[in-house]
Amino acid sequence: MTSPHSPEQILFMKKIKQHRRLVRFLQWFLLLAFVTAWELCSNSGLINSFIFSSPSRMIKSGAELYRDGALLPHLGITLAETFGSFFLVALFTIATAVLLWWNQTLSEILEPYLVILNSLPKSAMAPIFIVWLGNNMKTILVTAISVAIFGSILNLYTSFLSTEPDKIKLVRTLNGSRIDCLTKVVLPLNLPALLSILKVDIGLCLIGVVIGEFLAARQGLGYLIIYGSQVFKMDWVMLSIVLLCFIAAGLYKCLTVLEKWAASR
């Protein structure tokens, strides 16, 4: 049975696969090289292992925290707060962007305020949230939401406005309503943009959660970073930072898979 692809197509696809393997290999190589160099420099005394820690010391500290039953609660509370804030950000972003697209007058009124709110330093707002809401999880969630939501609304609304007007006119010509324009043109065409915005939001929500945990938490990786720095347990600090990196990479990968699935649909 003959192949449905020409020799040139087969060669092109082979080159793409080789390029992907090369990129993946170099990514893992750089990571392993960095970890190895970090461990060797720490063991040889080129860097102070007490201040900079080392991969082996972090693994040992992580095992001790796990045996003490402290690691998983810290990790779980940070994940729960990140997912909760991300869900609320996604919900409010889509609803508000649709509302602004639907009502041009409302968008003209609110857009300057959204720009101003997006430019505010969110870390400076966190102490105010503590006074308003108390030293609890609500403050952490609001801090995380405030970091991501305003920029997301502006980006998604701008994407809605850039939707091809000819397709909207076509729906109107066929006696389609405004809701038809939204559900059959605007939302489907802007799904890639929405997923790209959400990929940024998941990282911003994680940053906001950590900022909130710095100030208003007794659990979580952000709290572990602050507490570890106060009692000079730098292994805890570096371990928490590495765990945050893994969380961010995992969440980003999940959204990338979702984006590819949506593109295939």
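Each value, and the rule that gives it
- Each chain has its residues counted from 1, following the order in which its sequence is written.
- Where local features are concerned, this predicted model is filtered to residues with pLDDT of at least 70; where side-chain atom pairs are given and counted, the filter is 80 or more; whole-chain, interface and lining totals use all residues.
- Side-chain descriptors were evaluated using all non-hydrogen atoms of the structure, hydrogens and water having been removed beforehand.
- Axis geometry follows a simple rule: fit a line to the C-alpha atoms, using only the stretch in contact for helices, then measure angles between N-to-C directions, giving values from 0 to 180 degrees.
- Note on conventions: DSSP H or I runs of at least 4 residues are helices, E runs of at least 2 residues are strands, and numbering of each starts at the N terminus.
- By the definition adopted for this analysis, an angle is roughly parallel if under 35 degrees, roughly antiparallel if over 145, roughly perpendicular if from 65 to 115, and oblique otherwise.
- Left-handed describes a crossing in which the near helix is turned anticlockwise from the far one by less than a right angle; the clockwise case is right-handed.
- Any pair of residues with heavy atoms lying within 4.5 Å of one another is described as a contacting pair.
- Under the scheme applied, nonpolar residues are Ala, Val, Leu, Ile, Met, Phe, Trp, Tyr, Cys and Pro; charged residues are Asp, Glu, Lys and Arg; polar residues are all the others, including Gly.
- Like charges within 9 Å and nonpolar side chains (Val, Leu, Ile, Met, Phe, Trp, Tyr) within 5 Å are joined into patches, using only residues over 30% in relative accessible area that form no salt bridge.
- Areas reported as accessible are Shrake-Rupley estimates using a 1.4 Å probe. Residue values count occlusion only from the protein chains shown.
- Take a side-chain nitrogen of Lys or Arg and a carboxyl oxygen of Asp or Glu: if they are within 4 Å of each other, that pair is a salt bridge.
- Geometry of aromatic contacts follows a simple scheme: Phe, Tyr and Trp rings, the Trp one being its six-membered ring, pair when their centres are within 6.5 Å, and the pair is stacked under 30 degrees between planes, edge-to-face over 60, tilted otherwise.
- Each residue's exposure class comes from its accessible area (1.4 Å probe, protein chains only) as a fraction of the maximum for that residue type: buried when under 20%, exposed when over 50%, partly exposed otherwise.
- Lysine NZ or arginine CZ positioned within 6 Å of the ring centre and within 35 degrees of the ring normal marks a charge as sitting over the ring.

Asker: Quick question: what am I supposed to make of the packing of helix H7 (residues 137–161) against helix H10 (residues 191–216) here?
Answerer: The relative placement of two packed helices comes down to the angle between their axes together with the axis-to-axis distance. For the pair H7 and H10, the least separation of the axes is 7 Å and the interaxial angle reads 160 degrees. Classified by the interaxial angle, the pair formed by H7 and H10 is roughly antiparallel. You can see that H7 and H10 cross each other, and the crossing is right-handed. Together, Thr 139, Ile 140, Thr 143, Ala 144, Val 147, Ala 148, Ser 152, Asn 155, Leu 156 and Ser 159 of H7 and Ala 193, Leu 194, Ile 197, Asp 201, Leu 204, Cys 205, Gly 208, Val 209, Ile 211, Gly 212, Glu 213 and Ala 216 of H10 make up the contact between the two elements. Tallied by class, residues from the contact of H7 with H10 come to 13 nonpolar, seven polar and two charged.

Asker: Help me understand a nonpolar patch on the surface in this model?
Answerer: On the surface, Leu 22, Phe 25, Leu 26, Phe 29 and Leu 30 cluster together to form a nonpolar patch covering roughly 530 Å² of accessible area. Relative to the assigned elements, Leu 22 resides in helix H1 (residues 7–44).

Asker: Is there a simple way to explain the packing of H10 against helix H12 (residues 234–264) in this structure?
Answerer: The N-to-C vectors of H10 and H12 enclose an angle of 165 degrees; their axes lie 10 Å apart at closest approach. Between H10 and H12, the interaxial angle falls into the category roughly antiparallel. Our pair here, H10 against H12, has a crossing hand that is right-handed. Only Leu 244, Ile 247, Ala 248, Leu 251, Tyr 252, Leu 255, Thr 256, Leu 258, Glu 259 and Ala 262 of H12 make contact with H10, whose side of the interface consists of Leu 191, Pro 192, Leu 195, Ser 196, Leu 198, Lys 199, Ile 202, Leu 206 and Val 210. Residue composition of the contact of H10 with H12, by class: 15 nonpolar, two polar and two charged.

Asker: How should the packing of aromatic side chains be read in this particular structure?
Answerer: A full pass over the atoms with the stated rule returns six aromatic pairs. Ring geometry for Phe 34 and Trp 38: centres 5.8 Å apart, planes at 45 degrees, overall tilted. Taken as a pair, Phe 34 and Trp 38 lie in helix H1 at a separation of four residues, close to a single helical turn. Residue class for Phe 34 comes out exposed when judged on its relative accessible area of 53%. Seen in terms of ring centroids, Phe 129 and Trp 132 are 6.1 Å apart; in terms of plane orientation they differ by 55 degrees. Their pairing is tilted. Of the two residues, Phe 129 and Trp 132 are both situated in helix H6 (residues 122–133); the distance of three residues between them amounts to about one turn of the helix. The exposure class assigned to Trp 132 is exposed, which follows from its relative accessible area of 61%. What links up through ring pairs into an aromatic cluster is the set Tyr 223, Tyr 227 and Trp 236. Just above the ring of Trp 102 sits the side chain of Arg 178; from NZ or CZ to the centre is 5.5 Å.

Asker: Would you explain the pattern of salt bridges in this entry?
Answerer: It is possible for side chains of opposite charge to pair when their charged atoms get near one another. Under the criterion given, the structure shown has three salt bridges. Here Asp 235 and Arg 57 are joined by a salt bridge, their closest N and O atoms 3.1 Å apart. Separated by 178 residues along the polypeptide, Asp 235 in helix H12 and Arg 57 in helix H3 (residues 55–67) bring together distant segments of the chain. The class for Asp 235 is buried, based on a relative accessible area of 13%. Look at Arg 57 and you get partly exposed, because its relative accessible area is 29%. One salt bridge in this structure joins Lys 184 and Asp 180, with 3.6 Å as the shortest N-O distance. Of the two residues, Lys 184 and Asp 180 both sit in helix H9 (residues 178–189), four residues apart, roughly one turn of that helix. Judged by relative accessible area, Asp 180 falls into the partly exposed class, the value being 23%.

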